[in-house]
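Chain by chain, the residues:
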Amino acid sequence: MSPEDFVKALKERDFLYFSGVPDSTFGSLFSVLENDQDLNYVPAPKEDVAIGIASGFSISKKKSCVVMQNSGLGNIINAVTSFNGIYKIPVLIVIGWRGYGGKPNDAPEHWIMGEKTTEIIKDLELPFTSIENQDIENQDFLNKLDGLIERIYNENIPGIILINKGVIK
Amino acid sequence: MSLLTRLEAIEIIMSEINDNDLVISTTGMISREVFYIKERTSNFYMIGSMGLASSFGLGIAMINKSKRVIVLDGDGSLLMSLNTLPLPKYLGISNFLHICLDNGLYQSTGSQKTISNSLDFKLITKSMGYENSYLIEGNQDELSNLIRSIPESLSFVNIKVSQDQNLEVPRVSIEPEIISSRFSEHCFEK
């Protein structure tokens, strides 16, 4: 899927407000977010700041999305638990999966988090789905995305979509 | 000149601001004291998630351009979120008033020292792009006049407050979920 198609899918679902910290997993997605005149994208210095900004959008009745990589997952845990979770502030969090499955995939700094990512996300008990290449091939991506968004806004909590390398290129 | 207590400073701020200002207060004693002094539905008491009040307020200010967003930080929470300070200028936000109640302590956790005495928040925020940066040390009238007449552009105020603490101030007794839902109703611009 191209970054443009991914953004189009989110725009069609009323996501126009974004923040995040870049990740090479998403190819040119961040420049698409920056250059699309319909969108607002705030480059955050750290992932928890992106969650703070996106939560400000959410409470102002705008659907919001954070895009980041899994190496920043630890940085958002306090925010999504002690803030979004108890104040019921929904945010769609799109996370790139560096070090998929652990060693020897990707660079050494991604091995441990690459292996632990899904366990950590599942422990948070937030709505969660992951997208791999076959989900694009058999057109399951939009179903998974819609299912996640429905849960996020029914329960008013953040939800995570974990995206494998090569899905967006 | 003796310093104002934090409670006195909050009392002055809350009496001088406008009714339609949105107030975001940071975790711990600051939210408790705002709740105690002047509870309003357009206050957002941010219990927990220390350091996040400024980024949350910034997101709100970006959408609600016709309202002023006031963030009440402490020196500890401001130090925790220094990385957020360059963003308002970068984003061209002007409806943002950032106030720090600086007692040099993490008072809510038992008065451990912060490092705020060895730095200058006024200089830092100035260099981060805040158009107006002020330091208030003490005088009640000075703070009243400043809050009443502060320009409608990106502004920061550091208020040095005493380390006194009023132990009678209760916890915020409103459920977080209710704080959110009623606050959200003040964010009208869809």
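Note that the structure is predicted; figures quoted are calculated from it, not measured. (Residues numbered from 1 in each chain as written. Chains lettered and ligands numbered in written order. Predicted model: local features only at pLDDT ≥ 70, side-chain atom pairs only at ≥ 80, totals over all residues. Heavy atoms only, no water.)

1. Side note on the interface of chain B and chain A
- In this assembly, 30 residues from chain B lie in contact with 24 residues from chain A.
- One can count one salt bridge joining chain B with chain A.
- Of the charged contacts, one joins A:Lys61 and B:Glu185 as a salt bridge, the two residues approaching to 3.8 Å between their closest N and O atoms.
- The interface formed by chain B and chain A contains seven residue pairs in polar contact (both at pLDDT 80 or more).
- Of the residues that constitute the side of chain B that touches chain A, the class distribution is 17 nonpolar, nine polar and four charged. (Contact = heavy atoms within 4.5 Å. Salt bridge = Lys/Arg side-chain N within 4 Å of Asp/Glu carboxyl O. Polar contact = N/O pair within 3.5 Å; in protein donor to acceptor, adjacent residues only side chain to side chain. Nonpolar A, V, L, I, M, F, W, Y, C, P; charged D, E, K, R; others polar.)

2. Here's the deal with unusual backbone geometry
- Put simply, A:Lys103 and A:Pro104 share a cis peptide bond, and its omega is 5°.
- Here A:Pro104 lies in the loop between β4 (92-97) and α5 (111-123).
- We note that A:Glu125 has phi near 55°; this positive angle belongs to a residue other than glycine.
- Of note, A:Glu125 is situated in the loop between α5 and β5 (128-131).
- In this structure, B:Ser111 takes a positive phi of about 65° despite not being glycine.
- Examined against the element boundaries, B:Ser111 turns out to sit in the loop between β5 (105-106) and β6 (112-113). (Helix = DSSP H or I, 4+ residues; strand = E, 2+ residues; numbered from the N terminus.)

3. Description of the packing of aromatic side chains
- With the rule as written, the count across this model stands at 14 aromatic pairs over all chains.
- Taken together, the ring pairs connect A:Phe83, A:Tyr87, B:Phe44, B:Phe56 and B:Phe183 into an aromatic cluster. (Phe/Tyr/Trp six-rings, centres within 6.5 Å; stacked < 30°, edge-to-face > 60°.)

4. Looking at helix α1 (residues 6-16) of chain B
- With eight of eleven residues buried, α1(B) is to be regarded as a mostly interior element.
- Those residues of α1(B) lying buried are B:Arg6, B:Leu7, B:Ala9, B:Ile10, B:Ile12, B:Ile13, B:Met14 and B:Glu16. (Buried < 20%, exposed > 50% of the residue type's maximum accessible area, 1.4 Å probe, protein only.)

5. Notes on the sheet that holds strand β3 (residues 64-69) of chain A
Residues and elements named next belong to chain A.
- Across the sheet, which stays open at both edges, the six strands sit in the order β2-β1-β3-β4-β6-β5 with parallel pairing between neighbours. Of all strands in the sheet, those with a lone pairing partner are β2 (40-43) and β5, marking the two edges. For this sheet, the mean angle separating the axes of adjacent strands, direction not counted, is 20°.
- Here strand β1 (residues 17-20) runs beside β2; their pairing, made up of four bridges, is parallel. (Pairing = 2+ DSSP bridges. Axes fitted to C-alpha atoms, helices over the stretch in contact; angles between N-to-C directions.)

6. Quick notes on the sheet that holds strand β2 (residues 43-45) of chain B
Residue and element names in this part refer to chain B.
- Reading across from one edge, β2-β1-β3-β4-β8-β7 is the order of the six strands in this open sheet, with parallel pairing throughout. Two strands bound the open sheet, and with one partner strand each, they are β2 and β7 (132-137). For this sheet, the mean angle separating the axes of adjacent strands, direction not counted, is 15°.
- Here strand β4 (residues 96-102) runs beside strand β8 (residues 155-160); their pairing, made up of six bridges, is parallel. Bridge pairing in β8 places Cys 100 opposite Asn 158.

7. Structural notes on the packing of α1(B) against helix α2 (residues 29-37) of chain B
All names here are of chain B.
- One can describe the packing of α1 onto α2 by two numbers: an axis separation of 10 Å at closest approach and a directional angle of 55°. Between α1 and α2, the angle falls in the class oblique. Crossing of α1 against α2: the hand is right-handed. Along the contact surface, α1 presents Arg 6, Leu 7, Ile 10, Glu 11 and Met 14, while α2 presents Met 29, Ile 30, Glu 33, Val 34, Tyr 36 and Ile 37.
- Grouping the constituent residues of the contact of α1 with α2 by class yields eight nonpolar, no polar and three charged. (Parallel < 35°, antiparallel > 145°, perpendicular 65-115°, else oblique. Left-handed = near helix turned anticlockwise from the far one by under 90°.)

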